[in-house]
Amino acid sequence: MKGFFGRLMGLEKCMICKKKPVRPQYYLDDVGNRKPVCYKCVTYAERRAYRKA
């Protein structure tokens, strides 16, 4: 269940720590897919030079 229904059901996971994101911010991965990152992992995502979506 990806896409809209996956987000609706709360099945998204943080791209970095794989836990349910509390206050997700969205970043683009290497392929260009929009992925959620929890507020704890935002600094790591920015150090890894992920682009904000």
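Here the structure is a predicted model, which is why all the values come from computation and not from measurement.

**Considering the overall build of the protein chain**
Here comes step 1: The number of helices and strands found in the protein chain is two helices and three strands.
Here comes step 2: When the helices and strands of the protein chain are read in sequence order from the N terminus, they spell out α-β-β-α-β.
Here comes step 3: Taking all 53 residues of the protein chain together, the buried fraction comes to 26%.
Here comes step 4: At a minimum sequence separation of 6, the contacts of the protein chain that also span at least 24 residues come to 22%.
Here comes step 5: Surface summary for the protein chain: the accessible area is close to 4,300 Å², and the carbon and sulfur share equals 53%.

**A look at the nonpolar core**
Here comes step 1: Listed in full, the nine residues of the largest apolar core are Cys14, Met15, Tyr27, Val37, Cys38, Cys41, Val42, Ala45 and Tyr50.
Here comes step 2: Excluding residues that lie within four positions of it along the chain, Cys14 makes contacts with Lys19, Pro21, Pro36, Val37, Cys38 and Cys41.

**Structural notes on the pairing of strand E2 (residues 34-37)**
Along any regular strand the residues' side chains alternate between the sheet's two faces.
Here comes step 1: Note that strand E1 (residues 25-28) and E2 share four bridges and pair antiparallel. Of the residues in E2, the one forming a bridge with Tyr27 is Lys35.
Here comes step 2: In this structure, the hairpin formed by E1 and E2 is closed by a connection of five residues, where Gly32 is found at a positive phi of approximately 110°.

**Things to note about the sheet that holds E2**
Here comes step 1: If you walk across this open sheet you meet the three strands as E2-E1-E3, and the pairing is antiparallel. At either end of the open sheet lies a strand with only one pairing partner, and these are E2 and strand E3 (51-52).

**Observations regarding the pairing of E1**
Here comes step 1: Note that E1 and E3 share two bridges and pair antiparallel. In the sheet register, Leu28 faces E3, and the bridge partner there is Arg51.

**Concerning unusual backbone geometry**
Here comes step 1: Positive phi outside glycine occurs at Lys18, with the angle close to 65°.
Here comes step 2: Position of Lys18 among the secondary structure elements: in the loop between helix H1 (4-8) and E1.
Here comes step 3: Look at Ala49: it is not a glycine, yet its phi comes out positive at around 65°.

Scoring rules and cut-offs
- Residue indices follow the written sequence of each chain, beginning from 1 at its first position.
- With the structure being a predicted model, the display of local features is reserved for residues of pLDDT at least 70 and the display and counting of side-chain atom pairs for 80 or more, all residues being used for whole-chain, interface and lining totals.
- Where side-chain values are given, they derive from all heavy atoms of the structure, hydrogens and water being excluded.
- Per the convention used, a helix needs a DSSP run of H or I reaching at least four residues, while a strand needs a run of E reaching at least two, with both numbered from the N terminus.
- Exposure classes here rest on a 1.4 Å probe applied to the protein chains alone. A residue is buried below 20% of its type maximum, exposed above 50%, and partly exposed in between.
- Contacts are residue-level and defined by heavy atoms, with any inter-residue pair within 4.5 Å sufficient.
- To be clear on the numbers: accessible area is Shrake-Rupley with a 1.4 Å probe, and residue cover counts the displayed protein chains and nothing else.
- Put simply, a nonpolar core is a bunch of buried Ala, Val, Leu, Ile, Met, Phe, Trp, Tyr and Cys residues held in one set by side-chain atoms that sit within 4.5 Å of each other.
- Paired strands are those between which DSSP finds at least two bridges.

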